Amino acid sequence: MKKRCVIISAGDFSPKDYTPKEGDFVIAADGGYAYLKDMGIIPDLCIGDFDSLGFTPEDCPISILPVEKDCTDTDAALRIGLENGCGDFLLLGMLGGKRLSHTLANLQTLPLLAEKHIPHMIKSGSITVRALAKDDTVSFSHKNNCHVSVLAITDTAAVTLEGLYYNGDHISLTNRFPLGVSNSTVGKNAFVRCEDGMILVVTEPK
C-alpha cells in the first residue's frame with residue numbers, strides 16, 4: 001500500500017474530516033498545527049512561516065519557511081510529501097478560512113498531483129475536490145447522493161460522464177464557461193473520466 005500523506009492547513013476543518021491510519025505521514029502547514037493539537041495528534045512535520053499560528057511549535061520536527069517566499073506553506077508541504085515517496089494525499093483545511101486567495105492557491109496545487117496521476121482529495125465536511133488528468137477516472141457508488149461539478153482547469157478539456165443526471169462521451173469543456181457545474185448522482189453507479197486536458201471534480205451535498 002502506498003504511503004498516505006495527510007496535510008492539514010489553516011482553512012475550515014472538522015475533526016470528522018480525519019480518521020488517522022497507521023503509517024500516515026502527517027504534515028501541519030502553519031495554522032493547521034492547532035487543529036491537530038486539539039485532536040491530540042503530533043504531526044510528523046510542521047512547516048510554514050507560522051504567521052497564521054502565531055508561534056513556532058516545539059513538539060514536532062520543524063521546517064521554517066521565510067515570510068517572503070514564492071510558494072505557499074501548503075504547496076511546500078505537498079512537495080515534501082512527494083519527496084518522501086507518498087502515493088496518496090488527503091488534503092484538509094484547504095477550503096474556506098479567512099482568505100479566498102489561499103483557497104484558490106490550494107486548488108492550484110492539485111494539478112501537480114494530477115499530472116503525476118497520484119490519488120488525492122481535498123476534503124472539507126461533505127465537500128470533496130479532486131483534479132483529474134487525461135485517462136484518470138473518479139467513480140461514484142449508487143449510494144452516493146451529491147452534486148457533481150466538472151470544471152476545466154486547462155484552456156480546454158474533454159470528459160466522459162456516465163450514470164449521472166447529465167451524461168455524454170468526450171464532452172468539450174473550456175475554462176471560460178462553467179458548462180459542467182451542478183450535475184448530480186441519480187442512484188446509479190457513475191463515473192467521470194478525463195479524456196483530455198485537466199479538470200476539477202467537485203462533490204457537494206444536495
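Our subject in this report is the structure included herewith.

### Structural notes on the nonpolar core
- The biggest cluster of nonpolar side chains holds 29 residues, and the ones touching the most others in it are Ile7, Ile27, Ile47, Phe89 and Leu91.
- Those elements that provide at least two residues to this core are strand S1 (4-8), strand S2 (25-29), strand S3 (45-48), helix H2 (73-83), strand S5 (88-92), helix H3 (100-114), strand S7 (127-133) and strand S14 (198-205).
- Residues contacting Phe89, with those up to four places away along its chain left out, are Cys5, Ile7, Leu78, Gly81, Leu82, Leu113, Ile118, Pro119, His120 and Met121.
- One finds Cys146, Ala152, Leu161 and Val201 within the second-largest nonpolar core, a separate group that totals 17 residues.

### Thoughts on the pattern of salt bridges
- In the structure shown here, the tally under the stated rule is four salt bridges.
- A salt bridge links Arg4 to Asp24, with the shortest nitrogen-to-oxygen separation between them at 2.8 Å. Here the residue Arg4 occupies a position in strand S1, and Asp24 occupies one in the loop between S1 and S2, the gap between them amounting to 20 residues. Here Arg4 matches Asp24 in class, with each residue buried.
- In this structure, the salt-bridge partner of Arg79 is Asp75, at a minimum N-O distance of 2.8 Å. Residue Arg79 and its partner Asp75 are located together in helix H2, separated by four residues, close to a single helical turn.

### Quick look at the state of the cysteines
- Enumeration according to the criterion identifies one disulfide in this entry.
- With no disulfide of its own, Cys86 lies closest to Cys5 among cysteine sulfurs, the gap being 4.5 Å.
- On the basis of relative accessibility, which here comes to 4%, the residue Cys86 falls in the buried class.

### Considerations on the pairing of S3
- Of the two faces of S3, the one carrying Leu45 and Ile47 and the one carrying Cys46 and Gly48 are both buried.
- In this sheet, S3 lies alongside S2 in parallel orientation, the contact comprising three bridges. Its bridge partner lying in S3, Ala29 is registered against Ile47.
- Handedness of the crossover joining S2 and S3 through helix H1 (residues 32-39) is recorded here as right-handed.
- Direction of pairing for S3 relative to strand S4 (residues 62-64): parallel, over a ladder of three bridges. Bridging from a neighbouring strand, Ile47 pairs with Ser63 of S4.

What counts and what doesn't
Residues numbered from 1 in each chain as written. Predicted model: local features only at pLDDT ≥ 70, side-chain atom pairs only at ≥ 80, totals over all residues. Heavy atoms only, no water. Core = buried A, V, L, I, M, F, W, Y, C linked by side-chain atoms within 4.5 Å. Buried < 20%, exposed > 50% of the residue type's maximum accessible area, 1.4 Å probe, protein only. Helix = DSSP H or I, 4+ residues; strand = E, 2+ residues; numbered from the N terminus. Contact = heavy atoms within 4.5 Å. Salt bridge = Lys/Arg side-chain N within 4 Å of Asp/Glu carboxyl O. Disulfide = S-S within 2.5 Å. Pairing = 2+ DSSP bridges. Right-handed = clockwise from strand over helix to strand, strands pointing away.

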